[in-house]
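Now for the letters of each chain:
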Number of protein chains: 2
Amino acid sequence: MNLLLSVSRKQQKEETRQRLMDAAATALASGRSFDTLSLREVAKLAGIAPTSFYRHFHDMEGLGLALIEAQGDSLLDLVHRVREQTSGGTSLIRASVETLFDHVGEHQGISRMIQQERLSPESAFRDAADKLLATLSADLTDFLVWDAKERGVPFSHPELAADLTVGILFTTGIAMLDTPADQRERQVEDTITKLRMIMRGAEAMAHAK
Amino acid sequence: MNLLLSVSRKQQKEETRQRLMDAAATALASGRSFDTLSLREVAKLAGIAPTSFYRHFHDMEGLGLALIEAQGDSLLDLVHRVREQTSGGTSLIRASVETLFDHVGEHQGISRMIQQERLSPESAFRDAADKLLATLSADLTDFLVWDAKERGVPFSHPELAADLTVGILFTTGIAMLDTPADQRERQVEDTITKLRMIMRGAEAMAHAK
DNA sequence: CAGTTGTGCGTACATGTGTACGCTGAAATC
DNA sequence: GATTTCAGCGTACACATGTACGCACAACTG
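Thresholds applied
- Residues numbered from 1 in each chain as written.
- Chains lettered and ligands numbered in written order.
- Predicted model: local features only at pLDDT ≥ 70, side-chain atom pairs only at ≥ 80, totals over all residues.
- Heavy atoms only, no water.
- Core = buried A, V, L, I, M, F, W, Y, C linked by side-chain atoms within 4.5 Å.
- Buried < 20%, exposed > 50% of the residue type's maximum accessible area, 1.4 Å probe, protein only.
- Contact = heavy atoms within 4.5 Å.
- Phe/Tyr/Trp six-rings, centres within 6.5 Å; stacked < 30°, edge-to-face > 60°.
- Helix = DSSP H or I, 4+ residues; strand = E, 2+ residues; numbered from the N terminus.
- Domains from an automatic or database assignment.
- Buried area = accessible area lost by both parts, 1.4 Å probe.
- Salt bridge = Lys/Arg side-chain N within 4 Å of Asp/Glu carboxyl O.
- Polar contact = N/O pair within 3.5 Å; in protein donor to acceptor, adjacent residues only side chain to side chain.
- Nonpolar A, V, L, I, M, F, W, Y, C, P; charged D, E, K, R; others polar.
- Near = heavy atom within 4 Å.

A. Here's a closer look at the nonpolar core. Counting residues in hydrophobic clusters, the biggest one holds 126 residues, and the most contacted among them are A:L63 and B:L63. Excluding its chain neighbours within four sequence positions, the residues that come into contact with A:L63 are A:L20, A:M21, A:A24, A:V42, A:F53 and A:F57.

B. Quick peek at the packing of aromatic side chains. Applying the stated rule across the entire model yields 8 aromatic pairs over all chains. Residues A:F143 and A:W146 carry aromatic rings whose centres are separated by 5.7 Å and whose planes lie at 35° to one another, so their mutual orientation is tilted. In this pair, A:F143 and A:W146 both sit in helix α6 (residues 124-151), 3 residues apart, roughly one turn of the helix. With a centroid separation of 5.9 Å and 45° between ring planes, the pair formed by B:F53 and B:F57 is classed as tilted. Judged by its relative accessible area of 5%, B:F57 falls in the buried class. Ring-pair connections join several aromatic residues into one group, and the members of that group are A:F53, A:Y54 and A:F57.

C. Just the domain arrangement of chain A, in detail. Residue and element names in this part refer to chain A. Here chain A is described as being made up of domain 1 (1-57) and domain 2 (61-208). For domain 1 and domain 2, the distance between their C-alpha centres works out to 29 Å. The contact between domain 1 and domain 2 buries some 960 Å² in all, and 81% of this surface belongs to carbon and sulfur atoms. Among the residues of domain 1 in contact with domain 2, M21, L28 and F34 are the three that bury the most area, contributing 52% of the side total. Our count for the contact surface shared by domain 1 and domain 2 stands at 0 salt bridges. Counting the contacts that link domain 1 with domain 2 gives 0 residue pairs in polar contact (both at pLDDT 80 or more). The leading source of residues in the side of domain 1 that touches domain 2 is helix α1 (residues 3-29), at 7 residues. Residues belonging to the side of domain 1 that touches domain 2 are distributed by class as follows: 10 nonpolar, 2 polar and 1 charged.

D. Structural detail: the protein's contact with DNA strand C. Around DNA strand C there are 21 residues in total, and A:S38, A:R40, B:A49, B:R55 and B:H56 lie nearest to it. Sugar and phosphate atoms represent 51% of those atoms of DNA strand C found within 4 Å of the protein. One nitrogen or oxygen atom from the side chain of A:Y54 is found 2.8 Å from a phosphate oxygen belonging to DNA strand C. Here a base oxygen of DNA strand C sits 3.3 Å away from a polar atom, N or O, in the side chain of B:R9. Of all the elements in the fold, those that place two or more residues in the surface near DNA strand C are α1 and α2 (39-46) of chain A together with α1 (3-29) of chain B. Among the elements that make up the surface near DNA strand C, the one with the highest residue count is α1(A) (4 residues).

E. Expanded view of the protein's contact with DNA strand D. Residues in contact with DNA strand D amount to 21 residues; listed here are only the nearest, A:A49, A:S52, A:R55, A:H56 and B:R40. Among atoms of DNA strand D positioned within 4 Å of the protein, sugar and phosphate together represent 55%. Between DNA strand D and A:K13 there is a distance of 3.4 Å, counted from a phosphate oxygen to a side-chain nitrogen or oxygen. Between DNA strand D and the protein, one listed contact pairs a base oxygen with a side-chain N or O atom of A:T51 at 2.9 Å.

F. Geometry of the pattern of salt bridges. According to the stated counting rule, one finds 22 salt bridges over all chains in the structure shown. Residue B:E98 is joined to B:R94 by a salt bridge in which the shortest nitrogen-to-oxygen separation is 3.7 Å. Taken together, the residues span about one helical turn, with B:E98 and B:R94 both in helix α4 (residues 91-106) at a distance of 4 residues. The exposure class of B:R94 is partly exposed, given its relative accessible area of 31%. A network of salt bridges, in which partner residues are shared, links A:R118, A:R126, A:D130 and B:D178.

G. Representation of the side chain of A:Q115 within the structure. Structurally, A:Q115 is set in helix α5 (residues 108-118). You can call A:Q115 buried: its relative accessible area is 6%. Ignoring anything within four residues of it in the chain, the contact list for A:Q115 reads A:L133, A:F170, A:T171, A:I174 and B:L119.

Structure follows, in C-alpha cells:
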C-alpha cells in the first residue's frame with residue numbers, strides 16, 4: 001500500500017465531505033434552522049447528487065454532529081490563544097468578549113445551531129452541544145480558580161460563575177449578529193459590565209459567608 | 001345585530017382557533033421545533049381539514065405569533081402574582097425561580113420556541129420573543145430599583161441585572177425539563193446561587209465605584 | 001321567511017422529500 | 001496488465017407539503 005499515492009482518493013473524499021459541511025454551514029448562516037435543511041438541498045449546494053450524500057454521512061444527523069464537533073475543536077483553541085496573549089486581570093474579560101464575539105460572527109450558522117439545540121429535548125445534538133459548553137465552562141472554572149489564587153482574592157462558586165459567563169457570551173454574541181452597528185458598542189460594554197457584575201458577586205459572596 | 005345570539009358562531013370559531021393553537025403547542029411540547037411543524041399536521045391534530053386552517057390564520061407564521069403573544073400575557077400575570085404573594089427580600093428569589101420553572105414546565109413547547117426564536121435572525125418571531133422578554137426585564141428592573149430603595153441598599157445597573165436574571169431563568173428552566181429528577185433540586189439551588197451572585201455583584205459595584 | 005355570510009370540506013396539482021437499486025469509470029491494489 | 005474498490009450518478013417510488021378552487025349547509029341578517 002503506497003501511502004503517498006493513496007492520498008489522492010482519500011483527499012478527494014475528504015474535500016467533498018468538507019464541501020457538504022460548508023454547504024450546511026452556509027445555509028445555517030443565512031438563518032435557517034438545522035432541521036429545516038434537507039439532505040437534497042445540502043447535496044445540491046455541495047454540488048453532488050443527493051444519493052452521493054450517503055457516501056459521507058449516514059444521515060443529516062451525522063452531518064450535524066460533525067459540524068458541532070468541528071466547532072468544539074476550533075473553540076477550545078481560540079479560548080486558549082486568548083489567554084496566552086493576554087496578561088493580568090480585568091483586560092482579559094474585554095479580550096474574551098471581543099474575541100468570542102468575532103468568532104461567533106465568523107461561524108454564525110453553527111454557533112446559532114449549537115445554542116438552539118441546547119434547548120431541544122434529549123437528542124444527540126443536545127448532548128453534543130451541552131458537552132461542548134460544559135468543556136468550555138470547566139476550562140474557564142480552572143482559570144478563575146487559578147486567577148483568584150494568583151491575585152489572593154477569595155472567589156465563591158467558580159463553576160457557577162463560569163457557567164454564567166459562557167452562557168452569556170454565546171447568547172449575546174448570537175443576538176448581536178442582527179444588531180445594527182451603532183448599537184453594538186453599547187452592547188459590548190453592557191456585556192462586559194454584566195461579566196464584571198458576576199465576578200464581583202462571586203468575590204463578595206466569598207467574603208461574607 | 002343581536003349580540004347575544006351572534007355569540008354562537010364566533011364562539012365556535014374561537015374554539016377551533018384555540019384547538020389549532022393547542023395542537024401546535026402539543027406538537028412543540030413533544031420536542032419539535034416550530035418550523036418543522038406543517039400546516040397539514042397541525043390541522044389534522046386540531047381535527048380540521050388542511051384548507052380550513054386559512055379561516056383562522058393566514059400562515060403558520062400567524063399561528064406562531066398568536067402563540068407567542070398568548071404566552072406573553074400569561075407570563076406577566078404570573079410574575080405579578082408572585083410578587084404580591086411574596087413578602088420581603090431574599091425569599092422572593094426562591095419563589096420566582098420555583099414559580100417560573102413550574103410555568104415553563106407547563107408550557108414547555110412555547111417556552112422553548114420563544115427561546116429558540118430569540119436566537120434566529122431578524123424575523124417576526126424574533127421580534128415578538130425579544131419584546132416579550134424585554135417587557136419582563138423592564139418590569140423586573142422597576143422592582144429591583146424599588147426594592148433596593150426600600151432596603152436602603154445601593155444597586156448598580158439594575159437593567160443589566162434584570163436582563164441577566166430573565167435570561168437565566170428561562171434558559172435553565174428549559175434545560176431542566178429533561179433533567180432527571182434527582183438532579184433537579186441541585187439545579188434549582190445552583191440557579192438561586194447564580195441569581196444571588198448577580199445581586200451581590202450589583203450591590204458591590206454600587207459601593208466601590 | 002328569503003337572502004347573505006362564512007366555516008369547513010374534498011379534490012386536485014405542482015413541487016419537495018428520503019432513499020433503494022444498479023451502473024460507471026477512475027483510482028488503488030496485486 | 002488484470003482485478004478490485006468505491007465516490008458519484010441517474011432513475012424511480014412512495015410519500016408529505018402548501019394552497020387554489022368550488023361546493024355544502026348551518027348560522028346569522030333584514
